[in-house]
Amino acid sequence: MTALLAVTPPLQAQQVDDAVQDPPITDDDAIEEMLVIGERQHASPLQMDGDTRRLLSVAGAADDPLAALQSLPGVSLGIDDDPRPMVRGSGPGDNLYLIDRSPAAYVFHVFGNSIFNPLVIHRFDLLPAAFGSRYGNVTGAVIDVRLREPRRQPTEVTFDYSLLRTGLFVETGVGERSALYLSLRRSLYDLYLDPGDEESGIRVQQPPVATDYQLKHLWKPVSGGQLTLMLSGAGDEAAAEITRSAQAAAEDPDLVGDAALSRDFDQQSLQWAQALSAPGSRISLILGQGRDDRDYAFGSGQFLRIRRKRNDLRLEYEQPWGAGRWITAGVSLDRQRLRYALDAKIEPCSDLDPDCSTIDADRFRVDDRQTVRFVDLFAEDEWPIDERWTLTSGLRLS
């Protein structure tokens, strides 16, 4: 510790008697103190919350979550222009994606931008680390997307068109207790790329096409309870020819030939939420299902096909306990049926390896199916110690 004490001798004041002296400060000249007290406002479930709005408004984001995520510290895109984010050194495949608390196959298109219309987003949260026990078996980050509730209003139709994509959004009230919205979008890359165009030895056969949709129907049949139907999906496809002048062909001649990719997923969930007699307590039940299809073909007859179907059931209970403290507990049941076929040269490289040559790799042939079941239980205690610190403890059994 260093202390500094400054003392001005009286002699100095005597030497500057003739200098102009500042007038003494009086009470009238004192700066008025201003005290500003703010309270964090929780956004209505009918609109986008403030943190997400600020995230999407960063320069260059164009209201797209993927572009906005790249501005956050510790976040970068995967190698070879993989649109999935890499967070704090983890691989793109290590992340968990959730849509309204239900697991999703992916939330970013293969050729960039997210699968969500900004008009339907309520919250877009990135949890890079230290997330709660409700998120299990995750070694990367958690990207938790919440879609806003539909508004009970007269029918409103929005059509948007840009150089990159076009979309249709419809929102309407249905009776006195129900409302829904529907979003449909399609990319327009194929309008600007002609089949036969070639660059760096890659000849376009089918320009990239990306589509996505979301439908949410909210019904409040009784006081304190609501039933929500949510449908979501996306698709990407493209095809090209790898010629002998391409860099990939120079690294492995077996890659010369036609290459194509097709990926799409659909998921549906039915959610019931009911407020209980204890103030602030709530119980929710989520029943969901989905499918994820992937097809990749390349080079000398090599291919990878994956078919995955998923069914899940989740039950959660929330209750306040004291001032600002929350107790949450839940159970989830998941079943996944997987069918995969592979005939390709495989080199065991990680997502972070920039040089993964397959020229000397062995060719594998696999055709199999599996069924996997998961049972998970969790409990969390969220306790705000003061205005700046919150202590969260949890337990998870799998």
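Each remark here, short or long, concerns the structure printed above.
Residues numbered from 1 in each chain as written. Predicted model: local features only at pLDDT ≥ 70, side-chain atom pairs only at ≥ 80, totals over all residues. Heavy atoms only, no water.

1. Some words on the overall build of the chain
- Secondary structure assignment for the chain yields four helices and 18 strands.
- Out of the 398 residues belonging to the chain, those deemed buried represent 36%.
- The contacts in the chain between residues at least 6 apart in sequence include a share of 58% that link residues at least 24 apart. (Helix = DSSP H or I, 4+ residues; strand = E, 2+ residues; numbered from the N terminus. Buried < 20%, exposed > 50% of the residue type's maximum accessible area, 1.4 Å probe, protein only. Contact = heavy atoms within 4.5 Å.)

2. Some remarks on unusual backbone geometry
- Its identity as a non-glycine residue notwithstanding, Asp 100 has a phi of 50°, on the positive side.
- With respect to the helices, strands and loops of the structure, Asp 100 is situated in the loop between strand E3 (96–99) and strand E4 (102–103).
- When its relative accessible area of 6% is taken as the criterion, Asp 100 is described as buried.
- Phi at Ser 200 is positive, roughly 55°, even though this residue is not glycine.
- Relative to the assigned elements, Ser 200 resides in the loop between strand E10 (198–199) and strand E11 (202–219).

3. Describing the pairing of strand E7 (residues 156–161)
- Among the six residues of E7, zero are classified as buried, and the element is accordingly described as predominantly exposed.
- Note that E7 and strand E8 (residues 165–174) share six bridges and pair antiparallel. Along E8, the bridge assignment pairs Val 157 with Val 170.
- Between E7 and E8, which pair antiparallel and follow one another directly, the connecting turn spans three residues. (Pairing = 2+ DSSP bridges.)

4. Overview of the sheet that holds E4
- Pairing is mixed in the open sheet, where four strands are placed in the order E4-E3-E6-E5. Two strands in the sheet have a free side with no partner beyond their single neighbour: E4 and strand E5 (121–127).
- Across four bridges, E3 lies against strand E6 (residues 142–147) in parallel orientation. Following the sheet pairing, Leu 96 is matched in E6 by Val 142.

5. Considering the pattern of salt bridges
- Tallied over the full model, the rule gives 31 salt bridges.
- With a closest N to O distance of 2.9 Å, Arg 203 and Glu 198 form a salt bridge.
- Between Asp 295 and Arg 307 there is a salt bridge, with the nearest N and O atoms lying 3.1 Å from each other. Taken as a pair, Asp 295 in strand E14 (residues 282–298) and Arg 307 in strand E15 (residues 302–320) lie far apart in primary sequence, twelve residues in all. (Salt bridge = Lys/Arg side-chain N within 4 Å of Asp/Glu carboxyl O.)

6. Details of the side chain of Gln 226
- Position of Gln 226 relative to the elements: it lies in strand E12 (residues 225–242).
- Polar contacts involving the side chain of Gln 226 include one to the side chain of Glu 149, which spans 3.4 Å.
- Ignoring any residue separated from it by four or fewer positions in sequence, one finds Gln 226 in contact with Glu 149, Leu 218, Trp 219, Lys 220, Pro 221, Gln 271, Trp 272 and Ala 273. (Polar contact = N/O pair within 3.5 Å; in protein donor to acceptor, adjacent residues only side chain to side chain.)

7. Some points on a nonpolar patch on the surface
- Taken together, the side chains of Leu 229, Leu 270, Leu 285, Leu 287, Leu 313, Leu 315, Leu 333, Val 375, Leu 377, Leu 395 and Leu 397 present a nonpolar region at the surface, about 920 Å² in accessible area.
- Broken down by secondary-structure element, the contributors of at least two residues to the nonpolar patch are E14, E15, strand E17 (363–384) and strand E18 (390–397).
- Position of Leu 270 relative to the elements: it lies in strand E13 (residues 257–275).
- Given the relative accessible area of 40%, Leu 270 is considered partly exposed. (Patch = residues over 30% accessible without salt bridge, like charges linked within 9 Å, V, L, I, M, F, W, Y side chains within 5 Å. Areas by Shrake-Rupley, 256 points an atom, 1.4 Å probe, with all protein chains shown as cover.)

8. Quick look at empty space enclosed by the protein
- Scanning the entire structure with this criterion turns up one cavity of 30 Å³ or more.
- Put simply, the largest cavity is a space of about 60 Å³.
- Elements supplying a minimum of two residues to the lining of the largest cavity: strand E9 (178–187) and E11.
- Looking at the lining of the largest cavity, the element that brings in the most residues is E9, giving three residues.
- Residue classes in the lining of the largest cavity are distributed as three nonpolar, three polar and four charged. (1 Å grid on protein atoms, 1.4 Å probe; cavity = no way out; pocket = protein on both sides within 12 Å on 5 of 7 lines; lining within 4 Å. Points joined across faces, edges and corners; volume = space filled by probe spheres on them. Nonpolar A, V, L, I, M, F, W, Y, C, P; charged D, E, K, R; others polar.)

9. Things to note about a positive patch on the surface
- On the surface, Lys 309, Arg 335, Arg 337 and Arg 373 cluster together into a positively charged patch.
- The residue Arg 337 is located in strand E16 (residues 326–345) in this model.
- Overall, Arg 337 belongs to the partly exposed group, its relative accessible area being 37%. (Lys, Arg positive; Asp, Glu negative; His and termini not counted. Charge placed at Lys NZ, Arg CZ, Asp CG, Glu CD.)

10. Some words on the packing of aromatic side chains
- A complete count under the given rule lists four aromatic pairs for this structure.
- Measuring from centroid to centroid gives 6.2 Å for Tyr 97 and Phe 108, while their planes differ by 85°, and the two rings are edge-to-face. Pair noted here: Tyr 97 is in strand E3 and Phe 108 is in the loop between E4 and E5, with a separation of eleven residues, a long-range link.
- Judged by centre distance (5.7 Å) and plane angle (40°), the ring pair of Phe 169 and Tyr 181 falls under tilted. Of this pair, Phe 169 sits in strand E8 while Tyr 181 sits in strand E9; the two residues are twelve residues apart in sequence, bridging distant segments of the chain.
- Exposure remark for Phe 169: the relative accessible area of 3% places this residue in the buried category. (Phe/Tyr/Trp six-rings, centres within 6.5 Å; stacked < 30°, edge-to-face > 60°.)

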